[in-house]
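# Topology and contacts: notes
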Amino acid sequence: MASSTVRPQDHDRFDEHDVPRRLLDSSAKLSYDPATEVDWDTPLDKEFHGASPEWSTLYGTSYWNELTEAQRKELTRQEAASVASTGIWFEMILQQMVLRDIYTTDATDPRFQWALTEIADECRHSIMFARGAAKLGAPAYRPRRAVVELGRAFKTLAFGEAAYAAILVAEEVLDVMQRDWMRDERVAPFVRTINNIHVVEESRHMKFARDETRRRLRNAGPVRRRINAFVIAVASYFIVTSMVNREVYANAGLDTRRALAEAGANEHHKSLMRSSCSGLMDFLASARLLTRPALALYRRAHLI
């Protein structure tokens, strides 16, 4: 007689497939096409900021207090474009890591199908960010050459929990700031739409990254955890410190040397980053990925 009892291995397989199935269902119900959802045709209104002023690297400094309102708005537009460009850079790394991860997996597996769905989302996001940066009147900001080459190595060598946890860090940091920007009526409407699309769709990506990180660490020993904790922290450090390109200040008409000095000493911005990343740090701690070397890098990046 057939039994209705699920064997342990079948139950584990069901649980492992449950998350990607739910994410596929969510994606089918709530996804956006930036080509039609974002108002690309209306000319840029320079009365708006590109990001919430409080998120500017100079907000709260003496230099910020000296700027005219027009200069502040131009600076936040350049900074928002730089964040978008950094997002494109890391999304390209993400896509390659995910494709490499699923290269030989079962195409009927919901995890395989969700991974391709996530890559499709990231392709649309990258195009959306690129068009958004262009509309903000910004150049194609890129990380420093050394960071680009480190990214090349990371996307080639990183695997398993190191890849997915690094993906999570990048997405979490963007998510927190963009949730503020999308609700802020001082921010250009098309930027708010971009942020809203990204927040909605990235919430699924973050769910998957958390699930994959936990799943792959399930049987990891202490040495493997320590190595991956450090790799993730290094990747996080370079992602976060590359978000605002030094060229934004010159392109906003500011004194680059003075702006860099005041931004580097800006305790308001450091505090904002730390408070915004508290949930992320809680997750990394729960996964036992906050070792002493990793903590040192997170502190240096002002994430903790």
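Here we summarise the structure given alongside this text. (Residues numbered from 1 in each chain as written. Predicted model: local features only at pLDDT ≥ 70, side-chain atom pairs only at ≥ 80, totals over all residues. Heavy atoms only, no water.)

## Quick word on the pattern of salt bridges
Defined as follows: Basic side-chain nitrogens of Lys or Arg form a salt bridge, by our definition, when they fall within 4 Å of a carboxyl oxygen of Asp or Glu. Secondary structure counts use DSSP, requiring at least four H or I residues in a row for a helix and at least two E residues in a row for a strand, with both numbered from the N terminus. A simple rule labels every residue: compare its accessible area, found with a 1.4 Å probe on the protein chains alone, to the largest value its type can have, and call it buried under 20%, exposed over 50%, or partly exposed in between.
Taken as a whole and assessed by the stated rule, the structure comprises 21 salt bridges. The salt bridge partner of Asp 175 is Arg 179, with a shortest N-O separation of 2.8 Å. Separated by four residues within a single helix, Asp 175 and Arg 179 lie in helix α7 (residues 160-183), roughly one turn from each other. Classification of Asp 175 as buried rests on a relative accessible area of 8%. The closest approach of N and O atoms between Arg 215 and Glu 212, which form a salt bridge, is 3.1 Å. Placement of the pair is Arg 215 and Glu 212 together in helix α8 (residues 189-216), with a separation of three residues, close to one helical turn. What makes Arg 215 partly exposed here is its relative accessible area of 22%.

## A short note on the packing of helix α9 (residues 222-241) against helix α14 (residues 292-300)
Selection criterion: Under this scheme, a helix contributes an axis fitted over its contacting stretch, all axes are lines through C-alpha atoms, and angles between N-to-C directions fall in the 0 to 180 degree range. Orientation labels follow simple angle bins: below 35 degrees gives roughly parallel, above 145 gives roughly antiparallel, 65 to 115 gives roughly perpendicular, and whatever is left gives oblique. By definition in these notes, contact holds between two residues if any of their heavy atoms fall within 4.5 Å. Classification used: nonpolar for Ala, Val, Leu, Ile, Met, Phe, Trp, Tyr, Cys and Pro, charged for Asp, Glu, Lys and Arg, polar for all others including Gly.
Two elements in contact, α9 and α14, have axes whose closest approach is 8 Å; the angle formed by their N-to-C orientations is 10°. Between α9 and α14, the angle is such that the two are roughly parallel. Contact residues: Ala 229, Phe 230, Ile 232, Ala 233, Val 234, Ser 236 and Tyr 237 in α9; Pro 293, Ala 294, Leu 297, Tyr 298 and Arg 300 in α14. Its residues placed into classes, the contact of α9 with α14 shows 10 nonpolar, one polar and one charged.

These figures capture arrangement, not role.
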